[in-house]
Amino acid sequence: MPPTASHTPTVLLAEDDRAIRNALERALTLEGYRVTAVADGVEALAQAHRSRPDVLVLDVMMPGIDGLQVCRVLRAEGDRTPVLMLTALVETADRIAGLDAGADDYVVKPFDVEEVFARLRALLRRAAPAPPPGTAPGPVEPPARGAAPGTAGRPGRSGTPGKAGTSGKSGTPKSSGASHGRPGAAATGRFVEAAGLRMDPRARRAWRGRRELELTRTEFELLELLIRNAGIVLDHSTIYDRIWGYDFGPGSKNLAVYVGYLRRKLDEPGAPQLIHTVRGVGYVLRED
């Protein structure tokens, strides 16, 4: 979780530019994180193996082993620690390479340190352990900008599922939706189902028909949001708030990249497309 009085998250920062490394290390420390800063990928891997951090911040362009290689090695070892990439490369293909390597998010240089804080809070929230069975977790909002670590910020837009005009949180299962003809997923025991898809959120597994889907952390979160709101058009801001905890603005391609990933993993020859683009608004999951 983000820094609180009872927990200090650990950050492993790998950045070969000493000025950037020192400045970011100071900023993160002042924000309440415990930071280990290293200058290259070899040191980053060694440190990650010695003491697993809560989150990694990796520069893409480093001598020797770069940030992409560090991420690939950790993912190959089964390490699912959240990874935030720092990159000076602005082309979409370069950012896609980072996501393909297993990164969870990225920040383009030059960056605002507040954006780094916001993305780290979102990654740590999503990586937090699930509550014990039988407890109903409430929404977790990022701390307000300028607030003391661990204090709650203002409510985001996540309570309104896009342009659907419905009430309730967009991440809340609508177990009775299917039987009453309303949009939404059908919750069957521990599974959530819609449009021929089935998910087990507790085990973090998903299937289309009999085929199990191999999804990254962010892909799983995005697909779960779409399934729980099947038939409802979710706008870009709502999805960003729910998945990343931060609205990247109309110029960001981050969401489009992940939707493209999901479509490639979901789509089957001769089968209907499940994720549809509503131009100028957002996305909807439905089986046409």
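Fair warning: this is a prediction, and the values are worked out from it, not measured in the lab. Numbers given for residues are sequential positions, taken from 1 along each chain in its written order. Reporting in this predicted model follows two pLDDT cut-offs: at least 70 for local features of residues, and 80 or more for side-chain atom pairs to be given and counted; totals over whole chains, interfaces and linings ignore these cut-offs and use all residues. Only heavy atoms go into the side-chain values, all of them from the structure, while hydrogens and water stay out.

### Some remarks on the overall build of the protein
Working definition: helices are DSSP H or I runs of at least four residues, strands are E runs of at least two. Numbering for both runs from the N terminus. What the protein contains, in helices and strands, is eight helices and 13 strands. Using a 1.4 Å probe on the protein chains alone, a residue whose accessible area is under 20% of its type maximum counts as buried, one over 50% counts as exposed, and one in between counts as partly exposed. Counting across all 288 residues of the protein, residues that qualify as buried make up 45%. Residue contacts follow a heavy-atom distance rule, with two residues in contact if any of their heavy atoms lie within 4.5 Å. The contacts in the protein between residues at least 6 apart in sequence include a share of 58% that link residues at least 24 apart. Only carbon and sulfur atoms are counted for the fraction: they give 52% of the accessible area of the protein, which is about 13900 Å². Here the accessible surface of atoms and residues is derived via Shrake-Rupley with a 1.4 Å probe, and residues count as covered only by protein chains that are part of the display.

### Quick notes on the sheet that holds strand β12 (residues 275-278)
Note: strands within a sheet are paired through backbone hydrogen bonds, in either parallel or antiparallel orientation. Only strands that DSSP links by at least two bridges are regarded as paired with each other. The strand order across the open sheet formed by three strands is β11-β13-β12, and the pairing between neighbours is antiparallel. Across the chains shown, the open sheet's two edge strands, defined by having one partner strand only, are β11 (234-235) and β12. Note: β11 against strand β13 (residues 282-285), two bridges, orientation antiparallel. Across the sheet, L234 pairs through a bridge with Y283, a residue of β13. Lying over the sheet, helix α6 (residues 217-228) contacts β11, β12 and β13, oriented at roughly 70° with respect to β13. Simply put, an axis is a line fit to the C-alpha atoms, just over the touching stretch for a helix, and the angle between two N-to-C directions goes from 0 to 180 degrees. Its contacts with the sheet place helix α8 (residues 254-266) against β12 and β13, and it is angled at close to 145° to β12.

### Comments concerning the environment of R210
Looking at the element boundaries, R210 is found in the loop between β9 (205-208) and β10 (211-212). Distance from R210 to G196, taken between C-alpha atoms, is 9.8 Å for residues 14 residues apart in sequence.

### Focus: the pattern of salt bridges
The salt bridge criterion pairs a side-chain nitrogen of Lys or Arg with a carboxyl oxygen of Asp or Glu, the two atoms within 4 Å. In this structure the tally under the stated criterion is 13 salt bridges. Note that R121 and E31 form a salt bridge whose closest N and O atoms lie 4.0 Å from each other. Note that R121 is positioned in helix α5 (residues 113-127) and E31 in helix α1 (residues 18-31), a separation of 90 residues in sequence. By the burial criterion, R121 is buried, and E31 matches it. Here the salt bridges share partners, and the residues they tie into one network are E15, D59 and K109.

### Quick notes on α1
Helix span, expected: 1.5 Å multiplied by one less than the number of residues in the helix. Relative to the 20 Å expected for 14 residues at 1.5 Å per residue, α1 spans 20 Å between its end C-alpha atoms, a close match to the ideal helical length. Check the buried side of α1 and you find it contacts β1 (10-14), β2 (34-38), β3 (55-59), β4 (83-87) and α5. The N-cap residue of α1 is D17: its side-chain oxygen and the backbone nitrogen of A19 are 3.1 Å apart. Counted as a polar contact is a pair of N or O atoms within 3.5 Å, where, for protein atoms, one must be capable of donating a hydrogen and the other of accepting one, and residues adjacent in sequence contribute only when both atoms are in side chains.

### Examining the nonpolar core
Definition of nonpolar core: a set of buried residues of the types Ala, Val, Leu, Ile, Met, Phe, Trp, Tyr and Cys, connected through side-chain atoms within 4.5 Å. Counting 52 residues, the largest nonpolar core has L58, M85, L222, L223 and L285 as the members making the most contacts within it. For this core, the element with the most residues is α8, which contributes seven residues. Setting aside residues no more than four positions away along its own chain, L223 makes contact with L197, M199, A206, L213, L215, L262 and L266. Of all hydrophobic cores here, the second largest spans 17 residues; its members include V57, L84, L86 and V116.

### With respect to the confidence of the model for the protein
Confidence in the prediction for the protein averages 76 pLDDT; 73% of positions are at 70 or higher. β1 holds the highest mean pLDDT among the elements of the protein, 96, whereas strand β6 (residues 186-188) holds the lowest, 58. Note: pLDDT gives the predictor's confidence per residue, expressed from 0 to 100.

### Considering the packing of aromatic side chains
Only Phe, Tyr and Trp rings take part, Trp by its six-membered ring, and two of them pair if their centres are within 6.5 Å. Stacked means planes under 30 degrees apart, edge-to-face means over 60, and tilted covers everything else. Tallied over the entire structure, the rule returns two aromatic pairs. An angle of 65° between the planes, with centres 6.2 Å apart, marks the rings of F191 and W207 as edge-to-face. Residue F191 is located in strand β7 (residues 191-194), and its partner W207 is located in strand β9; the two are separated by 16 residues in the primary sequence. Since its relative accessible area comes to 22%, F191 is described here as partly exposed. The exposure class assigned to W207 is buried, which follows from its relative accessible area of 11%. We call a charge positioned above a ring when the Lys NZ or Arg CZ atom is no farther than 6 Å from the ring centre and deviates by at most 35 degrees from the ring normal. A cation over a ring is seen here: R198 above F191, with NZ or CZ 4.8 Å from the ring centre. Just above the ring of W207 sits the side chain of R198; from NZ or CZ to the centre is 4.5 Å.

### Comments concerning the pairing of strand β8 (residues 197-200)
Here β7 runs beside β8; their pairing, made up of three bridges, is antiparallel. Considered in β8, the bridge of E193 is made with R198. Count of turn residues in the β7/β8 antiparallel hairpin: two residues, of which A195 carries a positive phi of about 50°. Where β8 and β9 come together, four bridges link them in antiparallel fashion. Looking at the pairing, D200 lines up with R205 of β9. In this structure, the hairpin formed by β8 and β9 is closed by a connection of four residues, where R204 is found at a positive phi of approximately 55°.

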